[in-house]
Structures are given as C-alpha cells and as structure tokens.
Amino acid sequence: MKKVLIVDDDVDIRKVVSKLIEKSGYQAMEAKNGVEGMGKVREDKPDLIILDMLMPKESGIRMYHELKTEESLKDIPVIVLSAIPKKSFLRSQKVLDEFAGQSVPEPEAYIEKPEEPEELIALMKKILG
Amino acid sequence: MTNKAKILIVDDNVDTVELLTKRFHAEGYDTSEAYDGEQALQQVVEYQPDIILLDIMMPKIDGYEVSKRLKSYDNTKHIPIIMLSAKARVPDKIKGLDLGADDYIVKPFDYRELSQRVKYWVTVKVEVEERLTKIRQLEKELIQSERLAAVGQTVASLAHYVKNILFGLKGGVYLVDEAFKENDTDSLKDGWDLVESNMGRISGLVLDLLEYSRERKPEYEKCFPNEIADDVCKLTQESAKEYSIEIIKDFDPSMGEAVMDPKGIHRCLLNLVSNAIDACIYDSNEEKKWVVRVKTILEDDGMVRFEVSDNGCGMDEETKKKLFTGFFTTKEGRGTGLGLLNTQKIAQEHGGTITVNSQLGQGSTFTIRMPYRDVATSGATGKED
Ligand SMILES: Nc1ncnc2c1ncn2[C@@H]1O[C@H](COP(=O)(O)OP(=O)(O)O)[C@@H](O)[C@H]1O
Ligand SMILES: [Mg+2]
C-alpha cells in the first residue's frame, strides 16, 4: 500500500487529511513539525508528502528545502497545504535558492486552505495513480 | 572582540592540550581547554567555541557522551566536533561518527592534517550559520508579508486563523457526507468529531473577540476557585499530553468557597494555561521535560493568587513589551493575540492585577491576584477566620 505523510502542527488538520488519505486507499503517516517530519521520512520513506508551511520547531519552508536538496529524497512528490498564499511561498523558495546557489523545483501541487477536500483527494490520486 | 575562530580543546592529557594550544595560537586561533567531559560541556556554554577537538577516553563523561549531548541540543548541534583518539579501529570511528562527531582523527596525528581539518570545519560552520540566519529571517518575512496585506494586520491574522478552522470544518462535513452515502458509522463519528472540535474553536474565537470589544461586569456568584482551576487543567490535559507536557496541580487546601466571577476566572486561567502549553510546544530545547504548573494560593491579605508557570520557550524583550497588545501574537497565524489582553481586562474588572516573569529559553510565570470574597462575609472585602 502506498504511504502518504501529512505534516501539520494542527491536530484537526492532521485528522482530516489522514482520513482523506485512508479513504483514498493509502496508508496515512503523521508528523507535527518539520523535525518530526524529516525523521519519519528517513525512517519510512513515504510515496507522497502533504506539507503545511507555518509550524513551530521546524517550518515547512525549511523542510521543503531540505527534502528537495537531499539526493535520496528529492524525488518524493510534495503537495503543499497551507493558509499562506502560493505567491509568498514561491518567493521565499526563490530567495533560499539564490542563497544556497542551487535551484529547488516547485512542489507538485499547492493547495491553499480552505480548499475543498475533494480537490486534495483528486490530487493524491493524480500523483500516486 | 576579535573575529578569530575559537577552538575548544578537550583532553585529559595535559601535554596534548598544551601542545595543541601552542600550535593553534601560532596559527592565529583563539583557544580554551577542558580536561574532562563535564568541563567540556560547561566550556561549550561559556566559551561558545566555533569548533571542538574532543578526546574520547576521559574521566567522568567520555567523549562519545559529550558529542551525543551537544548534537542533541538545538543551540550546540551546529558546532563541528573532531574526535581525537588513539582508538584506531573502524568500529570506534563509526561509533564516534554515529554519535554526532563530524570528523575523526587517530592519534598520534599529523598536526598539519589536523590543522587542515579544523580550517575546513570552521568554514562549514560559518556557512551553516549564515544559512540558518537567512532561513529564520525568511520565515519572519513570510509571516510579515501575510500580515501587511492591504486589508490590515488584524483582519489578515484573523483570516489566517479562520482559514485553518474552515479547512477542518470542510473536512468534517465531507466525511459526514461520505458516511451517509456509504452507510459507514465509523466515518460518521470521525467527521462529526471534527465538526464539533472546529465549532469549539470558532466559539473560542468569537468569545475572544466579544470579550475584547465589550465592557463586561463581573458576574459574582458562589464558587470554589480550586474547582475552576481543576476544570481548566482537565480541559487542557489532552492537548498537553499529545506533546508530552505534564500539568501539575498545586492547589491551596485552605481555599474554600468564595463569591467571585467563575466564568471570568475560568477564561483567564484557560488563556494562561493554553499559552503555557504553547510555550512548551514552541520550545526548541527537546531535552527538557516540560511542565506546566497551576497553583492557587489564598493570601493573608484576603487576595487569591493564581499562578501559571511553564518551563517552555520564555519571551524575548520585544514580546515582553507587546504581550498585552491586542492582536499581537508570535504563533504564526495560529493565535488571535487577544488572550492576554482579555485576561488582563477581566482581572482588572475584578479589582485584580496580572504580572509576568519570564526568561528567554527558561520559561514564564503569570500571576493573577484578585480579591477573595468569603461566602460567609459575602460582599465584605476582608475575611473572617
Ligand atoms: N507562557 C508564555 N510563554 C511565552 N510566551 C508567551 C506566554 N504567554 C504568552 N506569550 C506570548 O504572548 C503572545 C500573546 O499571547 P495571547 O495574547 O494569549 O495571544 P495568542 O496566544 O493568541 O498568541 C503570544 O503569542 C506569545 O508570544
Ligand atoms: Mg493565548
């Protein structure tokens, strides 16, 4: 069974998304911040990551950059799920890119909360098949 | 101040320390020394080295343990560690590197090689630090740009908060819908729980907003202050447990029934305890055993004191200044920034006060003092024994 990891500090959002993942026929994994998220990714590589941006401990901004600059992890598709507008996110990634001297690709998809749950399910199915 | 890179040399062999100190001074580095693991940990805090040369076999705490501990703290894990040891076996090296050492050199070593490695790791550290600063700054900017939207800070931060709630609600409703279609009662329960929980969050928000905008007279009635505090601890227990935070109740047994405003006190304590839990959640020192203590004290001068303390992240100077300002929050769009303002308002409407004591990285204590009206002498200010 394919595994999908949801990283969000909000318990309710984790619950909702986990349920949506299971309903779509995948196995759900949960983490509540970037540090825990990276730990889970290393320990049990998921097939897809759904990532919130603003979280305590390590933010999604940083986790995304870490994922996409690590050779063995950079091919895991990521759906960003955040209340932050996509434009702001892309700008921050660009600044990070310039700084790191390497360019990080855009996420597979960007969902701005509160998008319809159906949209997230459709996206997961499209990416994972 | 100099901008020389600082090396901490740790070895129980005095000769080695002396030799290395001399050599590195000659190369223009600043150095400090420690002769056992305990001293090493202390020196790291006091001296704030840019790099550590660490012997393995030492009295008290050995090099492996020192390395393990330093790499587990957020504020020391970026300091490169080069292990120096006579243990040349491959398993020893692997153990050293596993426990976080960045490099491993076998004694007796070639000084030039050591010097090269030190130079390399100091450069790496500088780069990592620059990168971290940059990322932190970016995070701040990102949140700021959200807030500075044309609609204004207040509405923007409220909107962010509501967006999260809405997504939770939509998810809950979706699950309920599906449950009906598929006749699946488990899913119905999950969906409904989510709807309820998010309705609770909306009520909380609305209460905060109302409280903020209206003059409210305290509604005095008979109540047990300890029971109110106990209820608040119960309500917050679950979310605290999720983050391994312990809530400790420390109630004054001499506190009896009083005539106070139970709803007002409940809101105040709930705000303070939720903040204390958040402070632990936002604390980056994972080594801590987080504790939130809720204390009630009946004072001799006829006042009730409620104390909520935590050993979480504490506050910097800027936060301390803005604490009681409406809509000021450091919670990345998750807070309304109204809790403390309202708590202060309620306390003052009761003829009470609220004070704060906080230290960055150590934790905070919030204290509310309110006049206690004994049931027997209801209405009077003093109490009879
Ligand atoms: N116990 C605490 N420890 C550290 N910081 C705190 C604590 N309580 C409050 N604060 C700071 O004060 C800010 C305002 O608190 P509050 O008015 O309750 O709003 P909110 O909790 O919605 O952010 C918080 O965002 C936080 O930065
Ligand atoms: Mg609060």
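The residue numbers shown here count from 1 along each chain, following its written sequence. Each chain is given a letter, starting from A, and each ligand a number, starting from 1, according to the order in which they appear as written. For this predicted model, a pLDDT threshold of at least 70 governs which residues receive local features, and a threshold of 80 or more governs which side-chain atom pairs are given and counted, while totals over whole chains, interfaces and linings are taken from all residues. With hydrogens and water excluded, all non-hydrogen atoms of the structure serve as input to the side-chain values.

**Some words on the interface of chain A and chain B**
Right, so step 1: Listed by partner, the interface residues are 43 residues for chain A and 41 residues for chain B.
Right, so step 2: Salt bridges are defined by distance alone: a side-chain nitrogen of Lys or Arg within 4 Å of a carboxyl oxygen of Asp or Glu. At the boundary of chain A and chain B, one finds seven salt bridges.
Right, so step 3: Here R14(A) and E242(B) are joined by a salt bridge, their closest N and O atoms 2.3 Å apart.
Right, so step 4: Among the secondary structure elements, those contributing two or more residues to the side of chain A that touches chain B are α1 (11-23), α3 (60-68), α4 (86-100) and α5 (117-128) of chain A.
Right, so step 5: Ranked by the residues each element gives to the side of chain A that touches chain B, the list is headed by α1(A), at 10 residues.
Right, so step 6: Each residue belonging to the side of chain A that touches chain B can be placed in one class, and the counts come to 21 nonpolar, four polar and 18 charged. Any two residues whose heavy atoms approach within 4.5 Å are treated as being in contact. Only runs of H or I of at least four residues qualify as helices and only runs of E of at least two qualify as strands under DSSP, and these elements are numbered from the N terminus. Residue polarity is assigned by list, with Asp, Glu, Lys and Arg as charged and Ala, Val, Leu, Ile, Met, Phe, Trp, Tyr, Cys and Pro as nonpolar; anything else, Gly included, falls into the polar class.

**As for the pairing of strand β2 (residues 27-31) of chain A**
It is a general feature of regular strands that their side chains alternate between the two faces of the sheet.
Residues and elements named next belong to chain A.
Right, so step 1: Pairing between strands requires that DSSP locate at least two bridges from one strand to the other. Bridge analysis of strand β1 (residues 3-7) against β2 gives five bridges, and the strand direction is parallel. In the strand pairing of β2, V4 is matched with A28.
Right, so step 2: Crossovers are marked right-handed if the path from the first strand over the helix to the second runs clockwise, as seen with the strands pointing away from the viewer. Following the backbone out of β1, through α1 and into the adjacent parallel β2, one traces a crossover that is right-handed.

**Quick notes on the site of ligand 1**
Residue and element names in this part refer to chain B.
Right, so step 1: In the region of ligand 1, 20 residues are neighbours, and N275, T329, T330, K331 and G337 sit closest.
Right, so step 2: D310 is positioned with one of its side-chain polar atoms (N or O) 2.9 Å from a nitrogen atom of ligand 1.
Right, so step 3: Pairs of N or O atoms within 3.5 Å make up the polar contacts considered here, provided that, within protein, one atom can donate a hydrogen while the other can accept it, and that residues adjacent in sequence are counted only when both atoms are side-chain atoms. Here an oxygen atom of ligand 1 and a side-chain polar atom of T330 are 2.5 Å apart.
Right, so step 4: With the chains in place, 94% of the 530 Å² that ligand 1 exposes on its own is no longer accessible.
Right, so step 5: When residues of the shell around ligand 1 are assigned to their parent elements, the largest contribution, three residues, is made by helix α9 (residues 262-281).
Right, so step 6: By residue class, the composition of the shell around ligand 1 is eight nonpolar, 10 polar and two charged. For this description, a residue counts as near a given molecule or strand if any of its non-hydrogen atoms is within 4 Å of it. Every accessible area reported is derived by Shrake-Rupley at a probe size of 1.4 Å, with residue values counting cover from the shown protein chains alone.

**Topic: the side chain of D261(B)**
Right, so step 1: Positionally, D261(B) belongs in the loop between β8 (258-260) and α9.
Right, so step 2: For D261(B), the contacting residues outside a window of four places in its chain are R216(B), P218(B), E219(B), Y220(B) and H350(B).

**Focus on the packing of aromatic side chains**
Right, so step 1: Pairing of aromatic side chains requires ring centres within 6.5 Å, counting the rings of Phe and Tyr and the six-membered ring of Trp. Pairs whose planes differ by under 30 degrees are stacked, by over 60 edge-to-face, and all others tilted. Tallied over the full model, the rule gives three aromatic pairs over all chains.
Right, so step 2: On the numbers, 5.6 Å between centres and 80° between planes, the contact of F24(B) with Y29(B) is edge-to-face.
Right, so step 3: Buried means the residue's accessible area, taken with a 1.4 Å probe over protein chains only, is under 20% of the maximum for its type, while exposed means over 50%, and partly exposed covers the values in between. Note on Y29(B): relative accessible area 11%, which makes it buried.
Right, so step 4: Put simply, the rings of F24(B), Y29(B) and Y111(B) pair up and form one aromatic cluster.
Right, so step 5: Think of it as a cone above the ring: NZ of Lys or CZ of Arg counts as a charge over the ring if it is within 6 Å of the ring centre and within 35 degrees of the ring normal. For the cation-ring pair, K32(A) lies above Y243(B), with the distance from its terminal atom to the ring centre recorded as 4.8 Å.
Right, so step 6: Directly above the aromatic system of Y111(B) lies the positively charged group of R23(B), at a separation of 4.4 Å from the ring centroid.

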